[in-house]
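# Examining the three-dimensional arrangement
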Amino acid sequence: MSGIYIHIPFCVQKCNYCDFYSVADAEKHLPFFIQSVLNEIRFYSQQLPIFPKKIRTVFFGGGTPSLLSELDISAILNGIQKYFELDVNAEISLEANPGTISIEHLKGFSRAGINRLSIGAQSFVSDELELLGRIHSRDDITTTVKGARSAGFNNIGLDLIFGLPGQTLEDWQVSIHRALELEPDHISTYALTWSNATQTGRDIESGTLPKPEEDVISEMFLWTDEILTEVGYLHYEISNFAKSGFTCQHNESYWNGTPYLGLGPSAHSYLDGKRFWNVSSIDQYMEKLKVGELPRESEEILTPEQKRLESISLGLRHYTGISLSIVKDKMDELYQLETKGLGKIQKDRFILTVKGFLLADELAIRLA
Ligand code: SF4
């Protein structure tokens, strides 16, 4: 079993905090882009015979996949069906931007085979949406979620960002409470990361925007865990919460080492200890496929040490933790972490507590 990720590299405009690869002129590129993705699917089916053919998850990410039409989505899914074996119960997710989508559009996605929507809400506070450079209002989020339900979607996630410049715990609580009113099946809460590759990062570095404070971010994280678990969501990964039966299977495969194929510019793939990724340029991507080449930029074969660090680091972020067998030389350290309330040993696993999640990256390095 394996997964396929398709990077749809188009956005109406660039959000201030975003460093994902995307371009603005979707209409100009779309027909040839879809054909390029179909070519890439065919090439991989022929050139990567060891990639497991049975596909259990498909994820349309971006960028803004909700700029695609029902026909575009159908064409790509038909291509996958033609060259791989798409499981009849496959989870097929699409990231939707509330500013780009109508009820008719949502019905079309459902007809095309999408059965899970991940809606990029980011915030329910108007000033924050403006700060982030989002193209939608908070009312657009509500309209999109309600529209998705009436279009037949019964697996809907909302993505939210916290730790914004100037954001208080009370501001963040507004977003979480508004989100809960919409009863999503899944909630992702990402702490803002910044670098000078984004406008927000440059504004923070230059002092134009206040630097988010670590203790406020920690407070938001701990509060989020408390409120969402209290109302029945499982905190199954550092940034992800789900109602029972609604964890994101595609993301789970990233965390448990399942092979996945990434299609589209800048998309990453993983197979058997090897990572490879595509060029971050739509022109180069389409050009290479046109002349019969795979649009690879580079690849990396993980050393045993890298594999160990990766499995510890991904495992610690997950609610099932890591097997004691991979850290058996660190038992003293595990007992110390348990004493400090940062983790717990349960049978043959070591699992971080919510306080431990706050230090997950640092602890992964220590344990590896
Ligand atoms: S819509 Fe998403 S991918 Fe596009 S610029 Fe905004 S955050 Fe980035």
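Here is a short report on the structure shown in this document. (Residues numbered from 1 in each chain as written. Predicted model: local features only at pLDDT ≥ 70, side-chain atom pairs only at ≥ 80, totals over all residues. Heavy atoms only, no water.)

## As for the environment of Ser266
Operational definition: Numbering of helices and strands runs from the N terminus; a helix is a DSSP stretch of H or I covering at least four residues, while a strand is a stretch of E covering at least two. The classification of residues rests on relative accessible area computed with a 1.4 Å probe and restricted to protein chains. Under 20% of the type maximum is buried, over 50% is exposed, and intermediate values are partly exposed. Only heavy atoms enter the contact rule, under which two residues are in contact if any of them lie within 4.5 Å.
Inspection of the secondary structure assignment puts Ser266 in the loop between β9 (260-263) and β10 (268-271). Judged by relative accessible area, which is 16%, Ser266 ranks as buried. A C-alpha to C-alpha distance of 36 Å links Ser266 and Ile227, two positions 39 residues apart in sequence. In this structure Ser266 touches His7, Tyr21, Asn278, Val279 and Ser280, once residues within four positions along its chain are discounted.

## Some remarks on helix α9 (residues 249-256)
Taken residue by residue, α9 has His250, Asn251, Glu252, Ser253 and Trp255 as its buried positions. Elements in contact with the buried residues of α9: β1 (2-8), β2 (54-62), β3 (85-96), β7 (234-237), β8 (240-242) and α11 (304-316). After α9 finishes, the residue Gly257 shows a positive phi value of roughly 85°.

## Observations concerning the packing of helix α12 (residues 331-339) against helix α14 (residues 360-367)
To keep it simple, the criterion reads: To obtain each axis, a line is fitted to C-alpha atoms, and for helices this fit is confined to the stretch in contact; angles are then taken between N-to-C directions over 0 to 180 degrees. In what follows, roughly perpendicular refers to angles from 65 to 115 degrees, roughly parallel to angles under 35, roughly antiparallel to angles over 145, and oblique to any angle outside these ranges. Lys, Arg, Asp and Glu make up the charged group, whereas Ala, Val, Leu, Ile, Met, Phe, Trp, Tyr, Cys and Pro make up the nonpolar group; the residues left over, Gly among them, are polar.
Look at α12 against α14: their axes get within 11 Å of each other, and the N-to-C directions meet at 155°. As the angle between them shows, α12 and α14 are arranged roughly antiparallel. Here Glu333, Leu334 and Leu337 of α12 come into contact with α14, specifically with Leu363, Arg366 and Leu367. Residue composition of the contact of α12 with α14, by class: four nonpolar, no polar and two charged.

## Points about the site of the ligand
As a reminder of what qualifies: Any residue with a heavy atom lying within 4 Å of a molecule or strand is counted as near it.
By nearness alone, every residue bordering the ligand is listed as Cys11, Gln13, Lys14, Cys15, Tyr17, Cys18, Gly62, Gly63, Thr64, Asn97 and Arg134. Residue composition of the shell around the ligand, by class: four nonpolar, five polar and two charged.

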